[in-house]
Amino acid sequence: MSAWHEEYLKRYAQLKERGRSFFPYAVFKDVIVSFLLLCVLSALAYFVGAELGDLADPTDTTYNPRPEWYFMFLFQVLKLFPGRLEAVAAVVLPVLVVLFLFSLPLIDRGRERHPSRRPLLTGIALMTIIAWGFLTWKGYTSPLTNPIVEKDPLVLAGHRLYQELKCSYCHSIGGQGGLVGPELDKVVGDQTEEWLGKHFRDPQALSPGTVMPKLNLLGDEITILVAYMKSLGSGPFTEEAAKLFNENCTTCHRIGKEGGDVGPNLSAIGSVRSKSYIKSYIEDPSRANNSSSMPAYKGQLTDIQIEDVARYLASLKGNK
Amino acid sequence: MRNNRRLLGWLDERTGLKKIWETLFARKIPESKGSVAWFYTLGSACLFVFVVQVITGVLLAMNYVPSPDHAYDSVRFIDKQVFLGHFLRGLHKWGATFMVVVVLLHMLRVYFMGAYKYPREVTWMMGVVILLLVMAFSFTGYLLPWDQKAYWATAVGANIAGQTPVVGSHVAKILKGGEEMGVATLTRFYALHVLVLPILTALLVGIHLFLVVWHGISEPPEKTNRQIESN
Ligand code: HEM
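Calculation notes
- Residues numbered from 1 in each chain as written.
- Chains lettered and ligands numbered in written order.
- Predicted model: local features only at pLDDT ≥ 70, side-chain atom pairs only at ≥ 80, totals over all residues.
- Heavy atoms only, no water.
- Donors = N, O, S within 2.8 Å, 3.2 Å for Na, K, Ca; no water.
- Tetrahedral: all angles 85-135°; square planar, octahedral: opposite > 155°, others 65-115°.
- Helix = DSSP H or I, 4+ residues; strand = E, 2+ residues; numbered from the N terminus.
- Buried < 20%, exposed > 50% of the residue type's maximum accessible area, 1.4 Å probe, protein only.
- Arc of directions from axis to C-beta.
- Salt bridge = Lys/Arg side-chain N within 4 Å of Asp/Glu carboxyl O.
- Contact = heavy atoms within 4.5 Å.
- Buried area = accessible area lost by both parts, 1.4 Å probe.
- Polar contact = N/O pair within 3.5 Å; in protein donor to acceptor, adjacent residues only side chain to side chain.
- Nonpolar A, V, L, I, M, F, W, Y, C, P; charged D, E, K, R; others polar.
- Pairing = 2+ DSSP bridges.

It is worth spelling out the coordination of the iron atom of the ligand at this point. Residue and element names in this part refer to chain B. For the iron atom of the ligand, every protein donor is listed as His106 (NE2) and His208 (NE2), and the spread of their distances is 2.0 to 2.1 Å. Here the iron atom of the ligand binds six donor atoms, and the angle range of 86 to 178 degrees at the metal identifies the geometry as octahedral. A residue pair is termed long-range when its members are at least 10 positions apart, and histidine 106 in helix α6 (residues 85–112) and histidine 208 in helix α10 (residues 183–215) qualify at 102 residues. There is no split in this pair, since histidine 106 and histidine 208 are both buried.

Listing the buried residues of helix α8 (residues 193–201) of chain A in full gives Leu196, Gly197, His199 and Phe200 of chain A. With its buried residues spanning 165 degrees around the axis, α8 of chain A presents them on a single face.

This paragraph deals with the pattern of salt bridges. Opposite charge on two side chains lets them pair, provided their charged atoms get close. Residue and element names in this part refer to chain A. Throughout the structure, instances matching the rule amount to 16 salt bridges over all chains. A salt bridge links arginine 111 to glutamate 7, with the nearest nitrogen and oxygen atoms 3.2 Å apart. Remark: glutamate 7 occurs in helix α1 (residues 3–17) and arginine 111 occurs in the loop between α4 (86–107) and α5 (119–141); sequence separation between them is 104 residues. For arginine 111, a relative accessible area of 22% puts it in the partly exposed group. For glutamate 7, a relative accessible area of 23% gives the class partly exposed.

Tallying the contact residues gives 86 residues for chain B and 83 residues for chain A. At the boundary of chain B with chain A, total buried surface from both sides reaches about 8,100 Å², with 65% on carbon and sulfur atoms. A salt bridge links arginine 113 of chain A to glutamate 219 of chain B; the shortest N-O distance between them is 3.5 Å. Seen at the junction of chain B and chain A, the total is 34 residue pairs in polar contact (both at pLDDT 80 or more). Contributing elements (two or more residues each) for the side of chain B that touches chain A: α2 (17–24), β1 (28–29), α3 (36–39), α4 (42–61), α5 (71–80), α6, α7 (121–143) and α8 (148–162) of chain B. No other element matches α6 of chain B, which puts 17 residues into the side of chain B that touches chain A. Of the residues belonging to the side of chain B that touches chain A, the class tally is 50 nonpolar, 19 polar and 17 charged. Taken together, the two bridges between strand β1 (residues 20–21) of chain A and β1 of chain B define a ladder with antiparallel strand orientation. The partner of serine 21 of chain A across the bridge, within β1 of chain B, is lysine 28 of chain B.

Structure (structure tokens):
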């Protein structure tokens with residue numbers, strides 16, 4: 001036992017002797033605080049409530065969830081650690097924090113308890129709180145947190161119709177669904193909106209002998225289905241996409257006049273390749289082409305960044 | 001009046017009620033002056049929110065079905081059909097947020113006051129484990145409504161766990177109950193959320209509170225260490 005331990009126990013016994021009875025002295029305050037909490041809690045539950053979003057859709061890989069607000073900072077931290085280092089931010093750092101907390105009483109064993117007498121630990125905690133607040137604030141104010149979250153209402157409606165009409169009986173998206181018809185996310189990127197519209201109106205007219213049924217869809221329904229189909233091909237992308245391309249790809253690829261010629265010119269890649277093909281190619285070229293000399297970017301760029309660049313490229317149809 | 005006293009006496013003789021009351025409630029604690037005393041209410045606030053979560057959770061479980069085919073509809077049913085169901089969901093959902101916030105605040109008060117020091121080290125360590133359990137509650141509960149947000153937030157979480165060096169892919173697989181998220185994931189999370197975690201938490205909170213009473217609550221720290229006063 002350290003020298004001060006015995007002394008502490010004696011002094012504590014003295015303080016206790018001269019102290020107050022837990023009930024009602026402390027219990028009174030406890031009850032007030034809990035009651036106030038209950039009031040705020042009920043008000044939030046009643047006026048704000050808990051929302052229930054759309055049914056989970058495992059095929060919709062573009063859905064980007066926002067974390068609970070108290071985890072928002074972790075999202076921001078992840079952005080600071082690109083590629084392989086993400087594991088450091090996501091796993092190693094939190095584990096270190098927990099280990100630090102757990103062993104704190106073994107690290108800080110001195111007698112001093114007042115925060116001003118433990119400036120280092122007090123400082124660490126204050127810095128952590130400030131950093132947490134700052135990152136949370138950044139997370140909510142920076143527009144690029146979730147570039148792909150914005151969803152076109154037409155696309156959402158089309159997606160719902162796709163489910164209602166049970167298209168997945170014949171088609172698959174993201175590897176889920178039937179095999180009678182083509183895998184839509186792989187092929188529709190190649191079709192124009194006009195072609196898709198006509199095809200929905202009368203599949204036989206464009207693909208004689210097809211088993212795809214004529215569904216007698218309304219004009220509106222065709223519009224939203226086409227929007228959904230096109231969203232599989234590509235989708236909204238951010239300004240960051242072009243920047244990422246310039247930073248990573250222009251040594252080998254050309255878009256318009258800019259860039260190198262080690263790899264193919266990508267100015268019109270969107271008219272020959274679907275987004276999912278492009279995405280998979282960026283992630284790992286050897287999947288589609290085992291004599292590829294292009295580096296794989298999975299781990300180098302984050303999944304969101306790859307999705308972003310792939311959508312950008314899929315939108316390039318060579319008309320610029 | 002006399003009958004009451006006789007009843008109490010009868011009970012006390014058989015249960016030790018008076019002794020229990022004296023140890024738990026009529027015990028003496030060091031006096032804390034002014035507003036500092038209010039910081040000491042955060043621990044009991046944790047307990048209060050936890051009890052709210054248990055009660056609302058049990059009520060939710062009466063209508064919830066833990067299968068991917070029915071989970072969403074059952075939550076919708078609670079939301080739209082069950083009497084006060086929407087309010088109930090709101091309570092449990094906001095209670096979860098409160099739980100995290102209040103437990104963190106309680107931890108901060110203990111941290112800043114250096115109340116984790118001798119002889120209360122183990123009280124603190126139990127606390128850290130409880131904190132992890134609270135996080136686990138939050139993570140497993142998030143999936144249960146089986147809506148888009150639930151599904152994809154969990155997918156992201158599992159992916160993050162999957163990045164752990166060396167053991168990552170195994171951790172992710174154990175979490176998901178297989179390669180893909182689906183039936184196994186949901187039933188697994190449900191079992192954790194309503195059976196394993198509550199039992200563990202109740203146990204650890206029990207130990208935590210026992211230790212708090214055993215050592216007595218710490219006195220507010222002072223800038224200078226006073227010596228023992230001779231009386
Ligand atoms: C469900 C979660 C928890 C419950 C119900 C709970 C409950 C309590 C209660 C009622 C007290 C009495 C003093 C006070 O209210 O401040 C207390 C003290 C304490 N708690 Fe917790 N606690 C929880 C979580 C935690 C956590 C996460 C930590 C730290 C990591 C922690 C560490 C401590 C310590 C060290 C004390 C002794 C402080 C002193 O003697 O001044 N507790 N806890």
